[in-house]
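Now for the letters of each chain:
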Number of protein chains: 2
Amino acid sequence: MDASKQTIYTIADLAAEFGITPRAIRYYEEMGLLTPQRSQETQQRLYDRSDRARLKLILRGRRFGFGLKEIKELLNLYRVDTGEKEQMRRAIEYGDKHIAEVDEMIRELQETKEEMLEFRRRFERILAGEEDGAK
Amino acid sequence: MDASKQTIYTIADLAAEFGITPRAIRYYEEMGLLTPQRSQETQQRLYDRSDRARLKLILRGRRFGFGLKEIKELLNLYRVDTGEKEQMRRAIEYGDKHIAEVDEMIRELQETKEEMLEFRRRFERILAGEEDGAK
DNA sequence: CAGTATCTTGACGTGTACGTCACCTAATGG
DNA sequence: CCATTAGGTGACGTACACGTCAAGATACTG
Ligand SMILES: [Zn+2]
Ligand SMILES: [Zn+2]
Ligand SMILES: [Zn+2]
Ligand SMILES: [Zn+2]
């Protein structure tokens, strides 16, 4: 039971590192996505590596337009009791759905990129004089 | 100048096709992302294939968490006057930035998927009894 | 001709994700 | 000792993306 010598972050540390405000981090906690320890006397929030990892996942989810509710589900998905086999089986099942979602997003993004490149190529051709601006 | 015989959609057509509400479509117009024709007498909005294509792009952007402002910028990016060479050069330049953004998103999503698969594999191993639930 | 459906323009309401401010509590530095 | 800094808890404000009426015009339908 050696619980010492862990890296500890203050709320300002994490806010600075990820370019967000402490308010946002507290909000994620309000919504149940983070549960940092508190210093017994001052009630200060103390984040460890695992909290930091969770925050990283939250922010990644946010960047891709996920709501906090779904992100919370995902976080809990990979936090199941590895002793409860039935829970794990369900986690795998739900997880597969999300993996499929991510796959679909990757496909859509690649399609998007291809379309942007097509525009780019067309513009380049026009600039090179091989085509004019007429429809 | 043959401008007839075009496919025309009503607002309800598009709403049904894309699984959104007419209100959302009107909102995109309010924000300047769509400018459908109007029937001269009834003021009814009439969408053509190009409007439909724009709407498709809007919804794709939304799914990836982009705000309407940035989506509008992107739409205008590929709508430059192909006669104005300087405009096109700037369009290519801005476009490249967005392509890089999309690339970065693809990378992040692939990383995300890999992490999810790692969890999945770990769960499978535990279920197979090769590992127990202890830390 | 009355009813239902589909569109229009306001106008106000709502959920999410925070921003901002007031006020309070420690710890630190000159 | 007093000011600054860093953190805490409400509580209210705000931007965005719509949802949800209300009221009116028009068109098809039995
Ligand atoms: Zn999902
Ligand atoms: Zn961008
Ligand atoms: Zn001192
Ligand atoms: Zn009839």
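Treat the numbers as computed from the prediction; the structure is a model and nothing was measured.

**A closer look at the relation of the copies chain B and chain A**
- Mapping chain B onto chain A leaves a residual RMSD of 0.0 Å; the transformation is a rotation of 180° accompanied by 0.0 Å of translation along its axis. The symmetry that links the two subunits is that of a two-fold axis. Taking C-alpha positions as reference, the residue of chain B nearest the rotation axis is Gly-65 of chain B, located at 1.8 Å.
- A high fraction, 100%, of the interface residues of chain B reappear at the interface in chain A, so the copies pair face to face through one surface.

**A short note on the coordination of the zinc ion (ligand 1)**
All names here are of chain A.
- Of the protein atoms, only Glu-70 (OE), His-98 (ND1), Glu-101 (OE) and Glu-101 (OE) coordinate the zinc ion (ligand 1), at distances of 1.6 to 2.8 Å.
- In terms of primary sequence, the donors binding the zinc ion (ligand 1) are separated according to E-x27-H-x2-E. Pair noted here: Glu-70 is in helix H4 (residues 68-77) and Glu-101 is in helix H5 (residues 85-127), with a separation of 31 residues, a long-range link.

**Quick notes on the packing of aromatic side chains**
- Applying the stated criterion to the full structure yields four aromatic pairs over all chains.
- Between Phe-119 of chain B and Phe-123 of chain B, the aromatic rings sit 5.9 Å apart at their centres with planes inclined by 75°, giving edge-to-face as the arrangement. Residue Phe-119 of chain B and its partner Phe-123 of chain B are located together in helix H5 (residues 85-127), separated by four residues, close to a single helical turn.
- Look at Phe-119 of chain B and you get partly exposed, because its relative accessible area is 31%.
- In this structure Phe-123 of chain B comes out as buried when scored by relative accessible area, which is 2%.
- Counting every residue linked through ring pairs, the aromatic cluster contains Tyr-78 of chain A together with Phe-119 and Phe-123 of chain B.

**Overview of the packing of helix H1 (residues 11-18) of chain A against helix H3 (residues 49-63) of chain A**
All names here are of chain A.
- Two elements in contact, H1 and H3, have axes whose closest approach is 12 Å; the angle formed by their N-to-C orientations is 40°. Between H1 and H3, the angle is such that the two are oblique. The two elements H1 and H3 meet at a crossing, and its hand is right-handed. Residues Leu-14, Glu-17 and Phe-18 of H1 touch H3, and the partners they reach there are Arg-52, Leu-55, Lys-56 and Leu-59.

**Here's the deal with the protein's contact with DNA strand C**
- Taken together, 16 residues sit near DNA strand C, with Thr-21, Tyr-28 and Leu-68 of chain A together with Arg-26 and Arg-45 of chain B positioned nearest.
- Within 4 Å of the protein, the atoms of DNA strand C are drawn from sugar and phosphate moieties in a proportion of 69%.
- In this structure, Thr-10 of chain B approaches DNA strand C through a side-chain N or O atom, which is 3.2 Å from a phosphate oxygen.
- Residue assignment for the surface near DNA strand C shows that the elements contributing at least two residues are helix H2 (22-30) of chain A together with helix H1 (11-18) of chain B.
- Per-element accounting of the surface near DNA strand C gives the leading share, four residues, to H2 of chain A.
- Residue classes in the surface near DNA strand C are distributed as six nonpolar, five polar and five charged.

Basis of the calculations
Residues numbered from 1 in each chain as written. Chains lettered and ligands numbered in written order. Predicted model: local features only at pLDDT ≥ 70, side-chain atom pairs only at ≥ 80, totals over all residues. Heavy atoms only, no water. Least-squares fit on C-alpha atoms with pLDDT ≥ 70 in both. Contact = heavy atoms within 4.5 Å. Donors = N, O, S within 2.8 Å, 3.2 Å for Na, K, Ca; no water. Helix = DSSP H or I, 4+ residues; strand = E, 2+ residues; numbered from the N terminus. Phe/Tyr/Trp six-rings, centres within 6.5 Å; stacked < 30°, edge-to-face > 60°. Buried < 20%, exposed > 50% of the residue type's maximum accessible area, 1.4 Å probe, protein only. Axes fitted to C-alpha atoms, helices over the stretch in contact; angles between N-to-C directions. Parallel < 35°, antiparallel > 145°, perpendicular 65-115°, else oblique. Left-handed = near helix turned anticlockwise from the far one by under 90°. Near = heavy atom within 4 Å. Polar contact = N/O pair within 3.5 Å; in protein donor to acceptor, adjacent residues only side chain to side chain. Nonpolar A, V, L, I, M, F, W, Y, C, P; charged D, E, K, R; others polar.

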